[in-house]
Amino acid sequence: MARIGIYGWGVVAPRSRNVEAFEANLQRADSWLEPFNGFGPSTFLVGQPDFDFGDYRDWINERFLPTKYPQLQQKMGMPTQHAIGAFIQALGQNEGIEATLQELGSQTQVLVGTGLGDFPTQYDCSVVLYRAQRRWDRFWADPERNTDRRRYEEAGASERETMRTDWEIPPEPSSGAPEDVEVAHQQWNAFWMARSADLLDFLAAFDSIENEGLKGEIAAGKLGLLRRKRTSFDNLVRQWGCPTPPWAAVPARLLWNIHNTPAAQISMLGKITGPAYAPVAACSTFGVSLYLAMQAINTGQAKAVVVGAAAPRPHATSVGCFYGARVLASASRPSMPFTDLRGTHVAGGSCIWIVGDHDFMSARGYKPLGLEILGVGVTSDADHIITPSQTGPRQAIHDAFTAAGVGAESVGTWDLHATATPGDYQEVSNLNGVLPEGVLLTARKGTFGHGMSVGGGWELMAQHMGITSGHIYPSPITDDELHPDVRRFAFDYVGNIKRCAPAGVAGKLSMGVGGINACVISRRWEDGLLGNSAGE
């Protein structure tokens, strides 16, 4: 089995636009959360990433045509931009590693996942479609362009009643609650739009335009055909004076920002030709990416793998759905794991690592960062969509120890998933009897919030950076805040005072929505093998 090390890492997180800022912020026992204004005034707190894509303009301009940076800036959503930024940071930790990743060809893989995906882009495109469809329906429902509607408007009361029955006409919009009237208008216009003979004429002309096929040489003819179709389409819209059809209003940007886009863009910018795809495992995405990377390296499919996760900025849809799932804290005071269990806080950003076969990387002069990754265990609860089980996480822990070749008695410190919900108790209870008494526990979602998919990466980086420097970074939790049911377990908890890093291996558990668990076991490198934690 290969020894697995980290040879580059980058991060975008709340209050932390790069690795150096992230490590400096970890020194302080305060929360990185801030008020959320996506609903207007509210009491929600979120982890807003400190990020400016312009920080990476020079790197991109040095390698690509001047059109590349604005193209990425305009077309790529935040998850992809966050991932690109963290990847560029990661390349700076070991000089020359960029060329090595390229030279390896298919033996460099890119495994970068997301959680909810680029839902802000999905939301924006859905809003555009919604508005375009409403305009479209109103236009073709108008009596001037709709013979059936005009006949209905001109009919007497008795004839109208017959039409309502025969045609199954929805109720006419009337007074009432504004939201009810709005829905009634939508249904009314959609019904008449579908009966417009003029619309059928428009669609016949549109169909004729789109049915023109490519004749002659493909390379020479395809652009000309696309231009002719576009010109004919624009002329058709002008001829009818109609709004943009809804299918033509949806931005293509939605297609450019699907789940695998962060991985694809990293492969393109890094000129990496090995497999590039998106492991999607909710809150366990980062750990699952590591798991797949270790498999690829140990089976000889890869020598190096770019792993990680990316999430957009907190958005009204993500904050709202977390609140709807009853796992979100809605008060203006940060919610801390192990305390009053009020819920978590949504956060966004990215975390990208370059992991590799230690023998291969060290032979080329690269020094590992952080800790050696010994093993990863991945399981599913097969039980509940969001409430963790006992057997699933425990099996992931057992599998991680087996893969690492160590026992639970060797654990010195452990980082929990701990979302400041009642599930915290279940998680600590699961560890009771598995880990030795006195193990030093950490939980950091009260610091930077819950980054769906990326939070596990931040937590692992905090663990690796701290142990490498000889200590465990503090968290905002104080001893007197610990919930009594949590306090009764015989573990030690890291609060607002920095602690010395204990001897032994380090464990980290993530538990994702859907019941997917990922446990990572790491240990210190021997003296002489370790590089600088932030690549100074």
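Here, every reference points to the structure presented above.
Computed from a predicted structure; not experimentally measured.

**Student:** I'd love a proper account of the side chain of Glu 98, names of residues and values included.
**Tutor:** Looking at where Glu 98 falls in the secondary structure, it is placed in helix α5 (residues 97–103). Classification of Glu 98 as buried rests on a relative accessible area of 18%. Not counting chain neighbours up to four residues away, the residues in contact with Glu 98 comprise Trp 59, Arg 63 and Leu 91.

**Student:** Before we move on, could you go through a nonpolar patch on the surface and cite the residues and values that matter?
**Tutor:** Taken together, the side chains of Leu 200, Leu 203 and Trp 247 present a nonpolar region at the surface, about 290 Å² in accessible area. When you line up the elements, Leu 203 lands in helix α10 (residues 197–210). The class of Leu 203 is partly exposed, set by a relative accessible area of 32%.

**Student:** So, the side chain of Gln 463: which residues are in play, and what are the values?
**Tutor:** Checked against the element boundaries, Gln 463 lands in helix α21 (residues 455–468). Of the residues examined, Gln 463 reaches a relative accessible area of 6% and is grouped as buried. Separated by 2.9 Å, the side chain of Gln 463 and the backbone oxygen of Gly 507 make a polar contact. With near-sequence residues (within four places) excluded, Gln 463 lies in contact with Thr 413, Trp 414, Asp 415, Ala 506, Gly 507 and Lys 508.

**Student:** Go over the nonpolar core with me, naming the residues and quoting the values.
**Tutor:** Generally speaking, soluble globular proteins have nonpolar side chains that are buried together. Formed by 37 residues in total, the largest nonpolar core has its most connected members in Phe 22, Leu 290, Trp 353, Val 355, Ile 373, Trp 458 and Met 461. Contributing elements (two or more residues each) for this core: β1 (4–12), α1 (19–26), α15 (285–298), β6 (304–311), β8 (349–357), β9 (369–380) and α21. For this core, the leading source of residues is α15, giving six residues. In this structure, Phe 22 is in contact with Val 11, Ala 13, Ser 16, Trp 32, Phe 448, Trp 458, Met 461, Ala 462 and Met 465, ignoring residues within four places of it in sequence. Within the second largest apolar cluster, 35 residues are counted, among which are Phe 51, Ile 84, Ala 304 and Met 361.

**Student:** Outline the pairing of strand β10 (residues 411–415), supporting the account with residue identities and numerical values.
**Tutor:** Burial of β10 is extensive: five of the five residues sit out of reach of the surface. Crossover connection from β10 via helix α19 (residues 423–431) to parallel strand β11 (residues 440–442): handedness right-handed.

**Student:** So what about the environment of Ala 263? Which residues, and what values?
**Tutor:** For Ala 263, the location among the structural elements is in helix α14 (residues 261–269). In this structure Ala 263 touches Val 110, Val 112, Ala 276 and Tyr 277, once residues within four positions along its chain are discounted.

**Student:** Now, about the packing of aromatic side chains: what can you tell me, with residues and values included?
**Tutor:** Inspection of every chain in the model, using the stated rule, returns 29 aromatic pairs. With 6.5 Å between their ring centres and 75 degrees between their planes, Phe 202 and Trp 240 make a pair best called edge-to-face. On the criterion of sequence distance, the pair formed by Phe 202 in helix α10 and Trp 240 in helix α11 (residues 218–240) is long-range, its members being 38 residues apart. On the numbers, 5.7 Å between centres and 45 degrees between planes, the contact of Tyr 425 with Phe 489 is tilted. With Tyr 425 in helix α19 and Phe 489 in the loop between α22 (484–487) and β14 (492–493), this residue pair connects regions lying 64 residues apart in the sequence. Among the residues examined, Phe 489 registers a relative accessible area of 6% and is labelled buried. These aromatic residues form a ring-pair network of at least three members: Trp 136, Phe 139, Trp 140, Phe 202, Phe 206, Phe 233, Trp 240 and Trp 247.

**Student:** Requested: an account of the sheet that holds strand β16 (residues 505–512), with residues and values cited.
**Tutor:** Across the sheet, 11 strands lie side by side as β5-β4-β6-β8-β1-β9-β17-β16-β10-β11-β14; this open sheet has mixed pairing. Each edge of the open sheet is held by one strand with a lone partner, namely β5 (276–277) and β14. Docked against the sheet, helix α4 (residues 78–91) engages β1, β4 (108–114), β6 and β8, running at close to 130 degrees with respect to β1. Running over the sheet, α21 touches β1, β8, β9, β10, β16 and β17 (516–523) and is turned about 60 degrees from β8.

**Student:** Kindly report on the environment of Asp 142, identifying the contributing residues and their values.
**Tutor:** Its place among the elements puts Asp 142 in the loop between α6 (119–141) and α7 (147–154). Relative accessible area serves as the criterion here: at 27%, Asp 142 is assigned to the partly exposed category. For the pair Asp 142 and Trp 192, spaced 50 residues apart in the sequence, the C-alpha separation amounts to 8.1 Å.

What counts, and at which threshold
Residues numbered from 1 in each chain as written. Predicted model: local features only at pLDDT ≥ 70, side-chain atom pairs only at ≥ 80, totals over all residues. Heavy atoms only, no water. Helix = DSSP H or I, 4+ residues; strand = E, 2+ residues; numbered from the N terminus. Buried < 20%, exposed > 50% of the residue type's maximum accessible area, 1.4 Å probe, protein only. Contact = heavy atoms within 4.5 Å. Patch = residues over 30% accessible without salt bridge, like charges linked within 9 Å, V, L, I, M, F, W, Y side chains within 5 Å. Areas by Shrake-Rupley, 256 points an atom, 1.4 Å probe, with all protein chains shown as cover. Salt bridge = Lys/Arg side-chain N within 4 Å of Asp/Glu carboxyl O. Polar contact = N/O pair within 3.5 Å; in protein donor to acceptor, adjacent residues only side chain to side chain. Core = buried A, V, L, I, M, F, W, Y, C linked by side-chain atoms within 4.5 Å. Right-handed = clockwise from strand over helix to strand, strands pointing away. Phe/Tyr/Trp six-rings, centres within 6.5 Å; stacked < 30°, edge-to-face > 60°. Pairing = 2+ DSSP bridges. Axes fitted to C-alpha atoms, helices over the stretch in contact; angles between N-to-C directions.

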